Amino acid sequence: MIKNEKIKATEVQLTGLNGEDLGIMPTREALALAKQHKVDLVCMSLMTSPPPCKLIGAGAARDEAQQAKKKAKKSPDKRKVKEIRLHLQMEDHDRDVKQSQAERILKKGDSVKFVIQVHGPKEGEAGKIWAEELCKALKEYGSKTTGVQVSGKQVVVQLDPRD
């Protein structure tokens, strides 16, 4: 967010303190108006000409920036997908370790993709059952985005964190 004297445009599209449209005006006038009301002139986007700017109280600008940051964190496209590889011949302890690892990842806010290596259609069914069990065990922390997919030599399921 660019504020006050750092705005280099010659003209700005100004929005007032209460959201009213004040029209296009020279940046100097907008800065004078901001100083007169003891607020900040904040540029909302540099993608248009003239750039849209708002008159915002100093505390409000900081709060707005923090809210935008929080929203960006929660945004699903910012999530990472962590892949956990498993195979049916794993020991029970190793399975528990992988499950607790997935739990930690989901708590952190990232998605988990389980990839279970299988050999043949019989193991594919066993892998599918195991994937369903993993989803049930982790349902407190995450939910399936897709169903359990069995394809060739692997069983895949993805869990997204609960909000």
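Computed from a predicted model, the values in this text were never measured in an experiment.

Chemist: Help me out: how do you make sense of the sheet that holds strand E4 (residues 40–43) in this one?
Modeler: Overall, mixed pairing links the five strands, which are arranged E1-E4-E5-E2-E3 in an open sheet. Of all the strands in the sheet, just strand E1 (2–3) and strand E3 (21–26) have a single pairing partner and so form its edges. The sheet contact formed by E4 and strand E5 (residues 52–56) spans four bridges and is antiparallel. Bridge assignment links Asp 40 to a residue of E5, and that residue is Ile 56. Contacting strand E2 (11–15), E3, E4 and E5, helix H1 (residues 27–36) runs over the sheet at an angle of about 125 degrees to E3.

Chemist: How should I be thinking about the environment of Trp 130 in this particular structure?
Modeler: In this fold, Trp 130 is placed in helix H4 (residues 120–137). Residues contacting Trp 130, with those up to four places away along its chain left out, are Leu 86, His 87, Leu 88, Met 90, Arg 95 and Ile 116.

Chemist: Would you explain helix H3 (residues 92–108) in this entry?
Modeler: The terminal C-alpha atoms of H3, which comprises 17 residues, lie 25 Å apart, in line with the 24 Å expected from a rise of 1.5 Å per residue. Turning to H3, its buried residues number three or more, namely Ala 102, Ile 105 and Leu 106. For H3, the buried positions fall inside an angular range of 95 degrees around the axis, keeping them on one side. Turned more than 90 degrees from where H3 packs its buried face, His 93, Arg 104, Lys 107 and Lys 108 sit exposed. Structurally, H3 contributes buried residues whose contacts are with strand E6 (81–87), strand E7 (111–117), strand E8 (142–144) and strand E10 (154–161).

Chemist: What exactly am I supposed to notice about the pattern of salt bridges here?
Modeler: Any two side chains of opposite charge can pair, given that their charged atoms come close. In the structure shown here, the tally under the stated rule is four salt bridges. Residues Lys 144 and Glu 132 are paired through a salt bridge, measuring 3.2 Å at the closest nitrogen-oxygen approach. Here Glu 132 lies in helix H4 and Lys 144 lies in strand E8, a separation of 12 residues in the sequence. For Lys 144, a relative accessible area of 36% corresponds to the partly exposed category.

Chemist: Mind showing me how you'd approach H4 here?
Modeler: Residues that lie three or four places apart on an α-helix share one face, since the helix turns once every 3.6 residues. Across its 18 residues, H4 extends 26 Å between first and last C-alpha, which sits within 8% of the 26 Å expected from 1.5 Å per residue. For H4, the complete set of buried residues consists of Gly 124, Gly 127, Trp 130, Ala 131, Leu 134 and Cys 135. The buried residues of H4 occupy one face: seen down the axis, they fall within an arc of 140 degrees. In H4, the exposed positions that point more than 90 degrees away from the buried face belong to Lys 122, Ile 129 and Lys 136. Turning to H4, the residues buried within the fold contact E6, H3, E7, E8, strand E9 (149–151) and E10.

Reading guide: rules and limits
Residues numbered from 1 in each chain as written. Predicted model: local features only at pLDDT ≥ 70, side-chain atom pairs only at ≥ 80, totals over all residues. Heavy atoms only, no water. Pairing = 2+ DSSP bridges. Helix = DSSP H or I, 4+ residues; strand = E, 2+ residues; numbered from the N terminus. Contact = heavy atoms within 4.5 Å. Axes fitted to C-alpha atoms, helices over the stretch in contact; angles between N-to-C directions. Expected span 1.5 Å × (residues − 1). Buried < 20%, exposed > 50% of the residue type's maximum accessible area, 1.4 Å probe, protein only. Arc of directions from axis to C-beta. Salt bridge = Lys/Arg side-chain N within 4 Å of Asp/Glu carboxyl O.

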